[in-house]
Amino acid sequence: IRVHLIGVAGSGMSGLASLLLGLGHRVSGSDRVTSGETERLEKVGLAFSSPHSAEAVSDAEVVIYSSAIKPGNAAFDAAVAKSLPLLRRAEALAAIMQSKKGIVVAGTHGKTTTSALAAHVLKVGAKAPSHYVGAEIPILGTNANWDEKGEFFVAEGDESDGTLVNFHSEHAILLNVEEEHLDFYENGIDQIREVFGQFCDQTAGKIFYCGDDLHAAEVCGSRPNAVSYGWRRELDFSAGELSPKGAGTEFTVYRKGEEQGRVRLGIPGRHNVLNALAVIALADEAGVSFDLVDEALGSFRGARRRFELKRHEEFVTVVDDYGHHHTEIAATIQTARSQHAGRRICLFQPHRFSRTQLLRDEFGTCFDGVDELWVT
C-alpha cells in the first residue's frame, strides 16, 4: 500500500520507513530537515520531501506521524481533512510486528542497548531476526531491518507517551520501572506501573524482568510466565565474579543458582551486565546455544552515543553518552570510574526542561562521582 510518514528524519520514524520498504510498500516521507538516514533510505526507494506539505499526502492510503507532529503541520492537517487513516509510530510498529513473534524490550532505560544486543545474539544464533532499535547500531548495519526468513522481531518499546500498551508481543523484556516522563505521567510511579502492567498482561509468552528492580519485581514477580534475572543467586538467571576485560566485562552466568559458564561482554558497565543477562535468558528460551551467546556478547559493540569512545590517548579519554535520566547518568559515571583512573570532567546537556525541573533533586546528586561538572 501507499504509506506516508510525517517526521521521517528521526531515528524512530526512519526505522519504520526501512521496515515498510522491506515489506514492499510504496513509502514516502516528509520532514523539515534531511538526515543521514533519509539520504540512505532515498537510495532504497523512499520518496522524500521537505518541508512538510499537503501535496505529500495527496495519494497516500495510510499516514504515520511521530509524537513531535501536532495539528498545524501542513501534511497532518491535509491527512485529517482527507479522513485518511492516521497511525502513531507505536501503532504502526505493533501492526508490522503481528506477522512475527514479537520480542519487545521495555523499561525506563537501557532499551536501545538491550534490544540491539538481543537482535545481535539471535542473528549470531542463526535465527534471522527482524529488528527495530531507536539508534544507529554499527554492528547491525541499520537501526531497523526486515528479514523474511526469521520468525522473531526484536523491537524497542517506548513508554514515554503510554503507547507501550499497543503491543501484544510473544515475549517481553522489562528492564526497570522508574519515575520518568513525568510531564505525561502526572500521577507518577503508580500510573507508570499501570502501563507496564498492561503491557505485561498482553504478552503471550515469557516476560524476562530484573528481579533486583523494585517496581519491575512488583509488576512481574507473581506472574506464572515471568523469568527473573539479576545479581542474587535465587533468581532464575544471575551474574557473578565480574572482572573488566579490555573495553568490556567478563562474568559468570548462573541459571537457578547453577553455574552455566563464563562469558565476555564487549561493552563496559555493571548495568550492561544486567542488560546482557536479560538477553541470555531470552536466548535460552529461543534455543540459542550458550557458546553462540558467548560469541555474540564478545563481538557486540554498542549503539552510537552509548558510552561511545570518541578519543583514547595516554593523557585523555573522551566518552560520549546519551544518558539523560539520572539513573543512566549515575551508571555512566560509575562505568567511567571503573574503566578509567584520573580526573573525571563531565559536560552535561539537559534533555527536556520538564524532566530537569521535575527530577531536579535526583539530578542534584547523580553527578557526585565527577570532579568537575559543566552544565549547558
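Look a little higher up for the structure.
Reading the values: the criteria
Residues numbered from 1 in each chain as written. Predicted model: local features only at pLDDT ≥ 70, side-chain atom pairs only at ≥ 80, totals over all residues. Heavy atoms only, no water. Patch = residues over 30% accessible without salt bridge, like charges linked within 9 Å, V, L, I, M, F, W, Y side chains within 5 Å. Areas by Shrake-Rupley, 256 points an atom, 1.4 Å probe, with all protein chains shown as cover. Salt bridge = Lys/Arg side-chain N within 4 Å of Asp/Glu carboxyl O. Helix = DSSP H or I, 4+ residues; strand = E, 2+ residues; numbered from the N terminus. Buried < 20%, exposed > 50% of the residue type's maximum accessible area, 1.4 Å probe, protein only. Polar contact = N/O pair within 3.5 Å; in protein donor to acceptor, adjacent residues only side chain to side chain. Contact = heavy atoms within 4.5 Å. Axes fitted to C-alpha atoms, helices over the stretch in contact; angles between N-to-C directions. Left-handed = near helix turned anticlockwise from the far one by under 90°. Nonpolar A, V, L, I, M, F, W, Y, C, P; charged D, E, K, R; others polar.

Engineer: Describe a nonpolar patch on the surface, naming the residues involved and giving the relevant values.
Structural biologist: On the surface, a nonpolar cluster with roughly 310 Å² of combined accessible area is contributed by F315, V316 and V318. Here V316 lies in the loop between strand 16 (308-312) and strand 17 (317-320).

Engineer: With reference to specific residues and values, describe the side chain of S14.
Structural biologist: Turning to its location among the elements, S14 is positioned in helix 1 (residues 11-22). We classify S14 as buried; its relative accessible area is 0%. Within the structure, the side chain of S14 is placed 3.3 Å from the side chain of N143, a separation counted as a polar contact. Discounting chain neighbours no more than four positions away, the residues touching S14 are V8, E37, L41 and N143.

Engineer: For the pattern of salt bridges, give the residues involved together with the corresponding values.
Structural biologist: Under the defined criterion, the tally for this structure stands at 14 salt bridges. Linking R26 and E61 is a salt bridge whose minimum nitrogen-to-oxygen distance equals 3.8 Å. In this pair, R26 is assigned in strand 2 (residues 26-30) and E61 in the loop between strand 3 (47-49) and strand 4 (62-65), connecting sequence segments 35 residues apart. In this structure E61 comes out as partly exposed when scored by relative accessible area, which is 40%. Residue D284 is joined to R255 by a salt bridge in which the shortest nitrogen-to-oxygen separation is 3.2 Å. In this pair, D284 sits in helix 8 (residues 270-286) while R255 sits in strand 14 (residues 248-255), placing the two residues 29 residues apart along the sequence. Assessed through its relative accessible area of 33%, R255 is described here as partly exposed. Taken together, the salt bridges that share partners define one network made up of D212, R232 and E234.

Engineer: Quick one: what's the story with the packing of helix 5 (residues 111-124) against helix 8, residue by residue and with numbers?
Structural biologist: Contact geometry for helix 5 and helix 8: axes closest at 9 Å, N-to-C directions at 40°. Here helix 5 and helix 8 pass one another in a crossing that is right-handed. Across from T113, T114, L117, A118, V121 and L122 in helix 5, the residues of helix 8 making contact are N272, N275, A276, V279, L282, A283 and A286. Here the contact of helix 5 with helix 8 is built from residues that sort into 9 nonpolar, 4 polar and no charged.

Keep in mind that these numbers describe shape and distance, not what the molecule does.
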